[in-house]
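The lines below spell out each chain.
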Amino acid sequence: MPNNSKPKVQLIAPDSYPQMLSKPRAARALHTLRAPETAVKAQVAMEAAMPAMRAAVLQYVEEMERAADDMTRLFEAAHEIRGFAETAGMVTTGRIAEVLCRYMDDIARFGRQLDTTIVALHVTAIARAARAEDDNVRTGQAVAAELAALVAKRLSEQS
Amino acid sequence: MSGPGFENLKALIVEDNAHMRSLLRALLNSLGVKDISEASNGQMAIELLRERKSDLVLTDLAMKPMDGLELTRYIRNNDHSPNPFVPIIMISGHTEKYRVEAARDAGVTEFLAKPITAHDLFARVAEIVERPRAFVRCAGYFGPDRRRRQNDDYPGPWRRKDDYQITEAR
């Protein structure tokens, strides 16, 4: 039996809408994307940006500490730290901020009770890691792992 | 020499953090992209999109007063959108599964988790260049095909076979 009804899904093939680059340019662009020279240029750009990014992370750490009981402000600052820190080479700082953000996000999403002690522990650990000369030390990584385990345990207790 | 291929590309960076905008600009520059405009939220981005054509949009998720999801929905669905097909790379530290799914359902082309690396950003751009995706229009969604995986061994049944119509862009 023929189907005369209006199609429910319309598929628009890539060849029938305007592409970001024409085909000849796309081939050259792919070459550029994979060229070692491009990687070197990008690395230079990343390294040039690092001092400013490290300074920004430290500013967000201060903002997070000032936020005290204002959890919205604290989350916003922690979120910026998680987005920035690892790119700035502050790996442990970024990882602890990631755990804190996930914890606060889960608590808010499922309407659970925020444990302010857990938040305070993370804030202290983030500040210490960020202000250490080299935040990527073994003790910092161990602290990050323990805080992540604590958060996982507390969330599982509340679920 | 890097640069060929991207020299005429017009990019738009939408990000509320000036440091991140600066880093993204520097990374695009290293590909040879010169024509880059910047906005600090979705509303500013819409104004810029009306003023100038953009071939690629890099946008953050969380911004005020208009976030990256609303911006993406505007670009894909609004009658005044200058290019509903423009590739959109969403860059966000909000990497929870439900947020990534929200971005996909808004119509983003690629999602890039912060912290970003040049390698990851370039991989997303390469994906757009090398494997442009079909667009889908159906009730409640317009945007890149959300199905990434294709199983050539799937024997059927093809329940929606007669639902499809391959068509020209509007």
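Conventions and cut-offs
Numbering of residues starts from 1 in each chain and follows the order in which that chain's sequence is written. Written order decides the labels, with chains lettered from A and ligands numbered from 1. Local features in a predicted model are, by the rule used here, given only for residues with pLDDT of at least 70; side-chain atom pairs are given and counted only at 80 or more, and totals for whole chains, interfaces and linings are based on all residues. Every helix listed is a DSSP run of H or I at least four residues long, and every strand listed is a run of E at least two residues long, numbered separately from the N terminus. Exposure criterion: with C-beta atoms placed from backbone coordinates, a residue whose C-beta has 20 or more other C-beta atoms within 10 Å is buried, one with 12 or fewer is exposed, and one in between is partly exposed. By the convention adopted here, residues are in contact when the distance between their C-beta atoms, placed from the backbone, does not exceed 7 Å. As used here, a nonpolar core is made of buried Ala, Val, Leu, Ile, Met, Phe, Trp, Tyr and Cys residues. They are joined through C-beta atoms within 7 Å. Side-chain classes are defined by residue name, with Ala, Val, Leu, Ile, Met, Phe, Trp, Tyr, Cys and Pro counting as nonpolar, Asp, Glu, Lys and Arg as charged, and the others, Gly among them, as polar. Only when DSSP finds a minimum of two bridges between them are two strands counted as paired. Here, expected helix span is obtained from the residue count minus one, scaled by 1.5 Å. In this analysis the local bend is the angle between axes fitted, respectively, to the seven residues ending at and the seven residues starting at the residue. Under this scheme, a helix contributes an axis fitted over its contacting stretch, all axes are lines through C-alpha atoms, and angles between N-to-C directions fall in the 0 to 180 degree range. We call two directions roughly parallel when the angle between them is under 35 degrees, roughly antiparallel when it is over 145, roughly perpendicular when it lies between 65 and 115, and oblique otherwise. Here a crossing is called left-handed whenever its near helix is offset anticlockwise from the far helix by less than a right angle, and right-handed whenever the offset is clockwise.

Caption draft 1: Broad picture of the overall build of chain B. Across its full length, chain B holds five helices and eight strands. In chain B, the order of α-helices and β-strands from amino to carboxyl end is β-α-β-α-β-α-β-α-β-α-β-β-β. When each of the 170 residues of chain B is scored for burial, the buried share is 41%. Here the analysis covers contacts within chain B between residues at least 6 apart in sequence; of these, 61% occur between residues at least 24 apart.

Caption draft 2: Molecular detail of the nonpolar core. Grouped together as the largest cluster of nonpolar side chains are 81 residues, with contacts concentrated most on Val57, Met64, Ile81, Ile96, Leu100 and Ile126 of chain A together with Leu58 of chain B. With nine residues, helix H2 (residues 36-67) of chain A is the largest single contributor of residues to this core. In this structure, methionine 64 of chain A is in contact with Leu74, Ala77, Ala78, Ile81, Val123 and Ile126 of chain A, ignoring residues within four places of it in sequence.

Caption draft 3: The arrangement of the interface of chain B and chain A in detail. Listed as interface residues are 48 residues of chain B and, on the opposing side, 47 residues of chain A. If you list the elements that add at least two residues to the side of chain B that touches chain A, you get helix H1 (18-31), helix H5 (118-130), strand E6 (135-138) and strand E8 (164-167) of chain B. The dominant element in the side of chain B that touches chain A, judged by the number of residues it contributes, is H1 of chain B, at eight residues. Classifying every residue of the side of chain B that touches chain A by side-chain character gives 27 nonpolar, twelve polar and nine charged. Pairing of strand E1 (residues 9-12) of chain A with E6 of chain B, which is carried by three bridges, proceeds in the antiparallel orientation. Bridging from a neighbouring strand, leucine 11 of chain A pairs with valine 136 of chain B of E6 of chain B.

Caption draft 4: Representation of H2 of chain A. Helix length check: H2 of chain A (32 residues) gives 44 Å between terminal C-alpha atoms against 46 Å at 1.5 Å per residue, within 8%. Methionine 50 of chain A marks the point of greatest bend in H2 of chain A, at about 40°, and the proline proline 51 of chain A comes within the next four residues. Residues of H2 of chain A that are buried make contact with helix H1 (23-34), helix H3 (71-84), helix H4 (91-109) and helix H5 (116-131) of chain A together with H1 and H5 of chain B. Looking at the residues trailing H2 of chain A, positive phi occurs at alanine 68 of chain A, about 45°.

Caption draft 5: Quick peek at the packing of helix H3 (residues 68-77) of chain B against helix H4 (residues 97-106) of chain B. Residues and elements named next belong to chain B. For the pair H3 and H4, interaxial distance at closest approach is 9 Å and the crossing angle is 20°. By the angle between their directions, the pair H3 and H4 is classed as roughly parallel. You can see that H3 and H4 cross each other, and the crossing is left-handed. Contact residues: H3 offers Leu69, Thr72 and Arg73, while H4 offers Ala102, Ala103 and Ala106. Considered class by class, the residues forming the contact of H3 with H4 number four nonpolar, one polar and one charged.

Caption draft 6: Molecular detail of the packing of H2 of chain A against H5 of chain A. Residues and elements named next belong to chain A. One can describe the packing of H2 onto H5 by two numbers: an axis separation of 10 Å at closest approach and a directional angle of 155°. The pairing of H2 with H5 is recorded here as roughly antiparallel in orientation. In the packing of H2 onto H5, the handedness of the crossing is left-handed. For the pair H2 and H5, contact is made by Val57, Leu58, Val61, Met64 and Glu65 and by Val123, Ile126, Ala127 and Ala130, respectively.

Caption draft 7: Structural view of the environment of isoleucine 13 of chain B. Residue and element names in this part refer to chain B. Inspection of the secondary structure assignment puts isoleucine 13 in strand E1 (residues 10-14). Separated by 26 residues in sequence, isoleucine 13 and alanine 39 place their C-alpha atoms 6.2 Å apart. For isoleucine 13, the contacting residues outside a window of four places in its chain are Arg21, Leu24, Arg25, Ile36, Glu38 and Leu58.

Caption draft 8: Broad picture of the sheet that holds strand E4 (residues 88-92) of chain B. Residue and element names in this part refer to chain B. Strand order in the open sheet formed by five strands is E2-E1-E3-E4-E5, and the pairing between neighbours is parallel. Strands with a single pairing partner mark the edges of an open sheet, and in this sheet they are strand E2 (35-39) and strand E5 (110-113). Direction aside, neighbouring strands of the sheet carry axes that sit 20° apart on average. The sheet contact formed by E4 and E5 spans four bridges and is parallel. Note that in E5 the partner of serine 92 across the bridge is alanine 113. Along the sheet, H1 contacts E1, E2 and strand E3 (56-60); its crossing angle with E1, the most-contacted strand, is approximately 160°.

Caption draft 9: Looking closely at H5 of chain A. End to end, H5 of chain A covers 22 Å across 16 residues, agreeing with the expected 22 Å (1.5 Å per residue, within 8%). Residues of H5 of chain A that are buried include every one of Val119, His122, Val123, Ala125, Ile126, Ala129 and Ala130 of chain A, and no others.

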